[in-house]
Amino acid sequence: MRAVRRLGRTLYLLSALLILGAVWTAKAEPLAHSAPGYPKTDITPVLEQKVFTQSDYTLLYRQTGLGQAAVDSLCERGEARRLLFFQRQFFAPAQWDCMPGSPVTSQEVLRQAAEFGPLEEGDILLTPCSHCGGWRNGHAALVLDAEKGLTLEAVVLGKNSEVRSLESWKSRPAFIVLRLKDTPAEKRREIALAARDQLCGLPYDLLAGIFDGGQKTAGGTQCAHLVWQAFMAFGYDLDSDGGLVVTPSDLAHSPLLEVVQIYGIEAGKRWPTDAGP
């Protein structure tokens, strides 16, 4: 009888843990994509102007998800009207599926791919669309070649960091593109090239930084650590909270970075779990 009671208690605890785990995981899913919580407005009159004010840039950011650098890049190419496409994309409903990303994580995948605005070498790509249970660990990558669509990434345990195609990023229900502030394109390109030479082929290490006194050395790496190491080699510390482990959220909140584009994240936020703009 005592053994039966013990078995009953064990089954009860296991059931409770499974239910709690399912609830915890379910709470993460709505954070995969956030549509703008304000109306879509006509931006055509703004696009007809030759010079934009700061208020115009703010409006375009809230309506298209593109920051000033991306807006200026499109205008310099004579593609200002393409901002209407990005506005439609920014406000369009998104549909996605949740799929296994690794033995312990899941990731969301858009049914219809999104498009990036103008990218440059050294840009940082972040997405919250990877989670372990209810914790959105996210993912990070460094743009190596904008024209060819190549990135440097540490993807998953058991696989070394490598050069990958940008294509998979277009299927993320939410992403952020960040760029080092007040830094010439040549310097950002230099950082990307050095990262390709020095940080490609490193073993994946989920605990990079924990056992080296916070030095975050590059013997092993993970996605956000890889991006951090690329910039730290040039004296830019992008770890916003200075903790032992650098995460995609830490990179997202770095004051050294500016927003080039957001998609599936509220304007003014750097991460879905932020309290507000």
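Residues numbered from 1 in each chain as written. Predicted model: local features only at pLDDT ≥ 70, side-chain atom pairs only at ≥ 80, totals over all residues. Heavy atoms only, no water.

Draft legend 1. Highlighting the sheet that holds strand β4 (residues 130-131). With respect to topology, three strands assemble into an open sheet ordered β1-β2-β4, the strand pairing being antiparallel. Two strands bound the open sheet, and with one partner strand each, they are β1 (96-100) and β4. Judged from the five bridges that link them, β1 and strand β2 (residues 106-110) form a sheet pairing that is antiparallel. Its bridge partner being in β2, Pro100 is matched across the sheet by Ser106. (Pairing = 2+ DSSP bridges. Helix = DSSP H or I, 4+ residues; strand = E, 2+ residues; numbered from the N terminus.)

Draft legend 2. A look at the side chain of His139. By the secondary structure assignment, His139 is in strand β5 (residues 139-145). Reaching out from His139, the side chain makes a polar contact with the side chain of Glu153 at a distance of 2.7 Å. Other than its neighbours up to four places away in sequence, His139 contacts Leu125, Leu126, Thr127, Glu153, Ala154, Val155, Trp169, Arg172, Cys223 and Pro248. (Polar contact = N/O pair within 3.5 Å; in protein donor to acceptor, adjacent residues only side chain to side chain. Contact = heavy atoms within 4.5 Å.)

Draft legend 3. Local environment of the sheet that holds strand β6 (residues 150-153). Spatial strand order, β7-β6-β5-β3-β8-β9: six strands in an open sheet with antiparallel pairing. The open sheet has two edge strands, β7 (162-165) and β9 (257-263), and neither has a second partner. Shown here is a sheet whose adjacent strand axes are inclined to one another by a mean of 35°, direction ignored. When strand β3 (residues 124-127) meets strand β8 (residues 175-180), the two strands line up antiparallel, connected through three bridges. Following the sheet pairing, Leu126 is matched in β8 by Ile176. The sheet strands contacting helix α7 (residues 223-232) are β3, β5, β6 and β8, and the helix crosses β5 at an angle near 45°. (Axes fitted to C-alpha atoms, helices over the stretch in contact; angles between N-to-C directions.)

Draft legend 4. The pattern of salt bridges, seen in detail. One pass over the full model with this rule turns up 12 salt bridges. Measuring nitrogen to oxygen at the nearest pair gives 2.7 Å for the salt bridge that ties Glu120 to Arg188. Note that Glu120 is positioned in the loop between β2 and β3 and Arg188 in helix α6 (residues 185-198), a separation of 68 residues in sequence. Classification of Arg188 as buried rests on a relative accessible area of 7%. Note that Arg164 is salt-bridged to Glu153, the shortest N-O span being 3.9 Å. Here Glu153 lies in strand β6 and Arg164 lies in strand β7, a separation of 11 residues in the sequence. (Salt bridge = Lys/Arg side-chain N within 4 Å of Asp/Glu carboxyl O. Buried < 20%, exposed > 50% of the residue type's maximum accessible area, 1.4 Å probe, protein only.)

Draft legend 5. Structural detail: the nonpolar core. If you look at the biggest cluster of nonpolar residues, it comprises 39 residues, and the most contacted ones within it are Ile124, Leu126, Leu142, Ile176, Phe231 and Leu251. Elements with a contribution of two residues or more to this core: α5 (82-91), β3, β5, β8, α6, α7, α8 (248-252) and β9. With seven residues, α7 is the single largest residue contributor to this core. Once residues lying within four places of it in the same chain are set aside, the contact partners of Leu142 are Gly122, Asp123, Ile124, Leu150, Thr151, Leu152, Ala192, Ala195, Val227, Ala230 and Phe231. (Core = buried A, V, L, I, M, F, W, Y, C linked by side-chain atoms within 4.5 Å.)

It is worth stressing that arrangement in space is one thing and function is another; only the former is reported here.
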